[in-house]
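Residue-level structure breakdown
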Amino acid sequence: MSRAALQQEMIQALAWYADHGVRDIWLDEAQDHTKLIETVPSLVSQISQSQPVEVAAPAFLGKSDAYEEAVKLAAGAGTLEELQSVLAEFDGIALKKTATNMVFCDGNPKAPVMLVGEAPGADEDRQGKPFVGASGQLLDKILACIGLDRCEEDPSKSIYISNILNWRPPGNRTPSPAEVELSLPFIERHIQLVQPKILILCGGVSAKALLNRSEGISRLRKTWHQYKPQTKELVAISTESIPAIATYHPSYLLRSPAQKKLVWADMLEIAQKMNNFT
Ligand code: URA
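In short, a report on the structure. What you see is a predicted model, and the numbers here were worked out from it, not measured in a lab.

Conventions adopted
- Residues numbered from 1 in each chain as written.
- Predicted model: local features only at pLDDT ≥ 70, side-chain atom pairs only at ≥ 80, totals over all residues.
- Heavy atoms only, no water.
- Near = heavy atom within 4 Å.
- Polar contact = N/O pair within 3.5 Å; in protein donor to acceptor, adjacent residues only side chain to side chain.
- Areas by Shrake-Rupley, 256 points an atom, 1.4 Å probe, with all protein chains shown as cover.
- Nonpolar A, V, L, I, M, F, W, Y, C, P; charged D, E, K, R; others polar.
- Buried < 20%, exposed > 50% of the residue type's maximum accessible area, 1.4 Å probe, protein only.
- Helix = DSSP H or I, 4+ residues; strand = E, 2+ residues; numbered from the N terminus.
- Pairing = 2+ DSSP bridges.
- Core = buried A, V, L, I, M, F, W, Y, C linked by side-chain atoms within 4.5 Å.
- Contact = heavy atoms within 4.5 Å.

A few words now on the site of the ligand. In the vicinity of the ligand, the contacting residues are Gly 117, Glu 118, Ala 119, Glu 124, Pro 130, Phe 131, Ser 135, Asn 163 and His 249. Contact distances for the ligand include 2.7 Å between an oxygen atom and a backbone N or O atom of Glu 118. Between a nitrogen atom of the ligand and a main-chain N or O atom of Ala 119, the distance comes to 3.1 Å. When the ligand is considered free in solution it has 240 Å² of accessible area, and contact with the protein chains removes 93% of it. A per-class count over the shell around the ligand returns three nonpolar, four polar and two charged.

This is the structure we're talking about:
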């Protein structure tokens, strides 16, 4: 579809919403919803008056320029420090504008176990570190049950932690498919540089994105998967697969404590796998 045709479709869709009384929509940027902002009618007139614009193509229309840039930056990073700095420079994800800090990692990069969560929340955004709020405190207790501590210097007792997204989605909303797609080259390169022996995929967003699966977390847990990067340019660097296990996110356990027994079973699986490495 051409950009002009896409623009026409956007105008028609927005005009339809405006006709049906939808006056405001949630955008990535924070807005004052105590006021009537009239986003929809104003978008219709802005788009109608503009020349065909550079619209970031949705995933189903092909990879956007931002995606190509993300892949280039991620694949070109030779160290974790380089990856962190190219990510900090990357402007393709609008969440960066509303976030206070970028959240890259915590823990010991030499640890054999790497955990990947979903996205920073309010506490993580403030402190610039993953899993430091209420769900992070529960996560630390769960990991302690199998002898893992992110502050431990001895790699064999430590763990390395990151997230799919590096900036907080406003209001802790679920990351959009486009945000996950743009973040994937970075987290896949992150995993490639750390080279963990075991990956823990914490929550449905992480499990689905890194395993390239559409099933929910309840179906993806309980079994070992072989993680491999999906980003073609990273596959060209290394195709080595890593045993990966998915488990429930601690924020879900805070809401549904009865499910802790299932996570305990997942932790025992991980402990057993770790024994094979020692
Ligand atoms: N939830 C996540 O998935 N990651 C964090 O860093 C914090 C909360």
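There's plenty left to go through after this.
Turning our eyes to something else, we now look at the pairing of strand 4 (residues 198-202). With five of its five residues buried, strand 4 lies for the most part within the structure. By the alternation rule, side chains of strand 4 split into Ile 198, Ile 200 and Cys 202 and Leu 199 and Leu 201, which are all buried. The sheet contact formed by strand 2 (residues 113-117) and strand 4 spans four bridges and is parallel. Its bridge partner being in strand 4, Leu 115 is matched across the sheet by Ile 200. For strand 4 and strand 6 (residues 242-247), the ladder comprises four bridges, and the chain directions are parallel. By the bridge assignment, Leu 201 is partnered in strand 6 with Ala 246.

Let's shift gears to the nonpolar core. Within the largest apolar cluster, 62 residues are counted, with the highest numbers of intra-cluster contacts made by Ile 191, Leu 199 and Leu 210. Considering each element in turn, this core owes the most residues, seven residues, to helix 8 (residues 177-194). Once residues lying within four places of it in the same chain are set aside, the contact partners of Ile 191 are Met 114, Val 116, Pro 196, Leu 199, Leu 210, Tyr 227 and Ile 242.

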